[in-house]
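Fold and geometry: a report
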Amino acid sequence: MHILLLGSGGREHALAWKIAASPLVTKLWCAPGNAGIAREAECVALDIADHAAVIGFCKQNAVALVVVGPETPLAAGIVDDLANAGIKAFGPSKEASQLEGSKGFTKALCTEFAIPTGAYGRFDNAADALAYVRKQGAPIVVKADGLAAGKGVVVAMTPAEAESAIAMMFDGAFGAAGAEVVIEEFLSGREVSFFALSDGDTAIALASAQDHKRVFDHDEGPNTGGMGAYSPTPFVTDEIHSQIMNRIILPTVAGMKARGTPFCGVLYAGVMLTAEGPKLFEYNVRFGDPECQVLMLRMMSDLVPAMLACCDGQLKHFDLRWFPEAALTVVMAAKGYPGDYAKGTRIKGLDDAANVEGAEIFHAGTVAMDGQILANGGRVLNVCATGKTVAEAQQRAYAAVDRIRWPEGFCRRDIGWQAVEREKQ
Ligand code: AMP
Ligand code: GLY
């Protein structure tokens, strides 16, 4: 079977690694890919925003399945365009991608299908938004409605912060993504990520995984795309797992189906475990990055038939097996990230690092030049390891990190700390 994977980050390297391991796959391409992905797949310089070019490539190369990594092509309707050209693609349609592409869409769905979430208001002008904040008080959360590269959410601890976030968004800080704003009740509790596969009709949960969004140790500094992740997380107990499935994931899948816009692909729920039970605060319509990296390391089953089952509406009775070992990934980023950073710095010691027991290194933003690996992004490497416990995976991942010689890079030193603390109890 010929497969084309779209994307160029660590998530896509992990997907490429897992897809390439499938006995069903005879050829794997990745567009555009990166230096690490090139070990698993043939990288092709396709512009993935050019759907006609992607379709042309698929037809020329008899691609039987396209796997879409990031949200931008999904929101742009690449799955619909491929389907119209008769090409199977793993990921939601443009309409179903609204679950990530519009916060207001998701809030309205929650209201319609009684899915637990925070109270909210949706506004297309600053005056009404400000009046709502004055009435509700703080803390309160201000969100740009559309895709804002992970930067469109402001958790305002004071009314003044909320007011300046509203002003910033209506001043066009996020362009069209901020033309509407959702203002949401502040939910307090522990935050967990929950992943499920859906074929539009049913859903099955993936293993639990947790990321670390803040850039510095002790969860300090600005939010990032994620500085590390681990799986499993001890905080999603069996009871919480079934509450999230029954109250949030399954009603969402049923609601999307009832509306005539079934969701197929990976549903990634951001959930707050509040005193009143789990509440949804956001959806993403793709694998988390770097959560995907630890999920792929723990997935025992072949991913390819699972993705095909999603595309073909055959997920019912499908079963996924997981290795019992824990997995953990440390993101190495270019100094300055998530702000400005330099590109083109040289990374050494990768082979040495990969020799640490249980270690696996995925590339998030690299290029190969003259036999050397150069940094080519903000998040650059995902140094992963498996172990009998999260603590062992953590110790191995940092042993691998310490073998990498890249003075222009940095990482958090405390990835997995909550789970490691819990394991000691
Ligand atoms: P996002 O950029 O959508 O991933 O959101 C960034 C972060 O904002 C999340 O990881 C949560 O920690 C926080 N957040 C979003 N919505 C809420 C909410 N309603 N209450 C409290 N925190 C929230
Ligand atoms: N790790 C967070 C995300 O993928 O959005």
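Residues numbered from 1 in each chain as written. Chains lettered and ligands numbered in written order. Predicted model: local features only at pLDDT ≥ 70, side-chain atom pairs only at ≥ 80, totals over all residues. Heavy atoms only, no water.

A look at the overall build of the protein
Helix and strand counts for the protein come out as 14 helices and 24 strands. In summary, the protein has a C-alpha radius of gyration of 21 Å against a globular reference of 22 Å for 425 residues, a match within 12%. Overall, the protein is about 60 × 45 × 40 Å in size when its C-alpha atoms are taken along their principal axes. When the 425 residues of the protein are sorted by exposure, 57% land in the buried category. Taking all contacts inside the protein whose residues are at least 6 apart in sequence as the whole, residues at least 24 apart take part in 69%. (Helix = DSSP H or I, 4+ residues; strand = E, 2+ residues; numbered from the N terminus. Rg over C-alpha atoms; globule rule 2.2 N^0.38 Å. Buried < 20%, exposed > 50% of the residue type's maximum accessible area, 1.4 Å probe, protein only. Contact = heavy atoms within 4.5 Å.)

Structural notes on the nonpolar core
One finds Leu4, Val66, Ile249 and Ile404 to be the most contacted residues of the largest nonpolar core, which totals 79 residues. When residues of this core are assigned to their parent elements, the largest contribution, seven residues, is made by helix H9 (residues 238-258). Excluding residues within four positions of it along the chain, Ile249 makes contact with Phe194, Ala196, Ala203, Ile244, Leu267, Ala269 and Tyr283. Counting 43 residues, the second-largest nonpolar core is a separate cluster that includes Ala16, Phe195, Ala209 and Cys310. (Core = buried A, V, L, I, M, F, W, Y, C linked by side-chain atoms within 4.5 Å.)

Some words on helix H13 (residues 390-401)
Helix length check: H13 (twelve residues) gives 16 Å between terminal C-alpha atoms against 16 Å at 1.5 Å per residue, within 8%. For H13, the set of buried residues is Val390, Ala393, Gln394, Arg396, Ala397, Tyr398, Ala400 and Val401. Structurally, H13 contributes buried residues whose contacts are with strand S15 (228-231), strand S18 (326-334), helix H12 (350-354), strand S20 (359-363), strand S23 (379-387) and helix H14 (417-424). (Expected span 1.5 Å × (residues − 1).)

Points about the packing of helix H7 (residues 126-136) against helix H8 (residues 159-170)
It is the contact of H7 with H8, at a shortest axis distance of 10 Å, that shows an interaxial angle of 165°. Put simply, H7 runs roughly antiparallel to H8. The two elements H7 and H8 meet at a crossing, and its hand is right-handed. Every residue of H8 that contacts H7 at Ala126, Ala129, Leu130, Val133 and Arg134 is listed here: Pro159, Ala162, Glu163, Ile166 and Phe170. For the contact of H7 with H8, a count of residues per class yields eight nonpolar, no polar and two charged. (Axes fitted to C-alpha atoms, helices over the stretch in contact; angles between N-to-C directions. Parallel < 35°, antiparallel > 145°, perpendicular 65-115°, else oblique. Left-handed = near helix turned anticlockwise from the far one by under 90°. Nonpolar A, V, L, I, M, F, W, Y, C, P; charged D, E, K, R; others polar.)

Quick notes on the environment of Ala160
Structurally, Ala160 can be placed in helix H8. Here the alpha-carbon distance between Ala160 and Ala138, two residues 22 residues apart in the chain, equals 8.9 Å.

A word on the sheet that holds strand S2 (residues 27-32)
Ordered by their spatial adjacency, five strands build an open sheet running S3-S2-S1-S4-S5, and the pairing between neighbours is parallel. What marks the edges here is a single partner per strand, and that holds for strand S3 (42-43) and strand S5 (89-90). Across two bridges, S2 lies against S3 in parallel orientation. When the sheet's bridge partners are listed, Cys30 is paired in S3 with Cys43. Against the sheet, helix H1 (residues 10-20) engages strand S1 (2-7), S2 and strand S4 (65-68), with an angle of about 170° to S1. (Pairing = 2+ DSSP bridges.)

Things to note about the site of ligand 2
All residues in the neighbourhood of ligand 2 are listed as Asp211, Gly225, Tyr268, Arg286, Gly288, Asp289, Pro290 and Glu291. One of the side-chain N or O atoms of Asp211 is found 2.8 Å from a nitrogen atom in ligand 2. In the complex, 88% of the free accessible area of ligand 2, which totals 200 Å², lies under the protein chains. Here the shell around ligand 2 is built from residues that sort into two nonpolar, two polar and four charged. (Near = heavy atom within 4 Å. Polar contact = N/O pair within 3.5 Å; in protein donor to acceptor, adjacent residues only side chain to side chain. Areas by Shrake-Rupley, 256 points an atom, 1.4 Å probe, with all protein chains shown as cover.)

Notes on the UniProt feature "domain: ATP-grasp" (unreviewed entry) in the protein
UniProt annotation of "domain: ATP-grasp" (unreviewed entry) refers to residues 107-312 when read in the numbering used here. Taken end to end, residues 107-312 has its terminal C-alpha atoms 28 Å apart, with 33% of it in helix and 31% in strand. (UniProt positions renumbered as here; feature names shortened; annotations may be inferred.)

Digging into the site of ligand 1
Near ligand 1, the surroundings consist of 15 residues, among which Glu184, Glu185, Leu187, Glu191 and Glu282 are the closest. The contact in question runs from an oxygen atom of ligand 1 to an N or O atom on the side chain of Glu282, over 2.4 Å. Expressed as a share of its isolated accessible area of 480 Å², the protein-covered part of ligand 1 is 90%. When residues of the shell around ligand 1 are traced back to their parent elements, those giving at least two are strand S7 (140-144), strand S8 (153-156), strand S9 (181-185) and strand S17 (277-284). Tallied by class, the residues present in the shell around ligand 1 amount to seven nonpolar, one polar and seven charged.

As for the sheet that holds strand S22 (residues 372-375)
Taken together, the three strands give an open sheet; going across it, the order is S19-S22-S21, and neighbouring strands pair in antiparallel fashion. Looking at the sheet topology across the chains shown, the edges are occupied by strand S19 (346-347) and strand S21 (366-369). Of the pairings in the sheet, the one linking S21 to S22 comprises four bridges and is antiparallel in character. The residue of S22 that forms the bridge with Met369 is Gln372.

Things to note about the packing of aromatic side chains
Under the defined criterion, the tally for this structure stands at four aromatic pairs. On the basis of an interplanar angle of 90° and a centroid distance of 5.3 Å, the ring pair of Trp29 and Phe57 is categorised as edge-to-face. With a gap of 28 residues between them, Trp29 in strand S2 and Phe57 in helix H2 (residues 51-60) connect regions that are remote in the sequence. Accessibility classification places Trp29 together with Phe57 in one group, the buried group. Ring plane angle 50° and centroid distance 5.2 Å describe the contact between Phe123 and Tyr132, whose orientation is recorded as tilted. Just as Phe123 is buried, Tyr132 falls in that class too. The ring of Phe235 has Arg190 sitting right over it, with the charged end atom 3.6 Å from the ring centre. (Phe/Tyr/Trp six-rings, centres within 6.5 Å; stacked < 30°, edge-to-face > 60°. Lys NZ or Arg CZ within 6 Å of the ring centre and 35° of its normal.)

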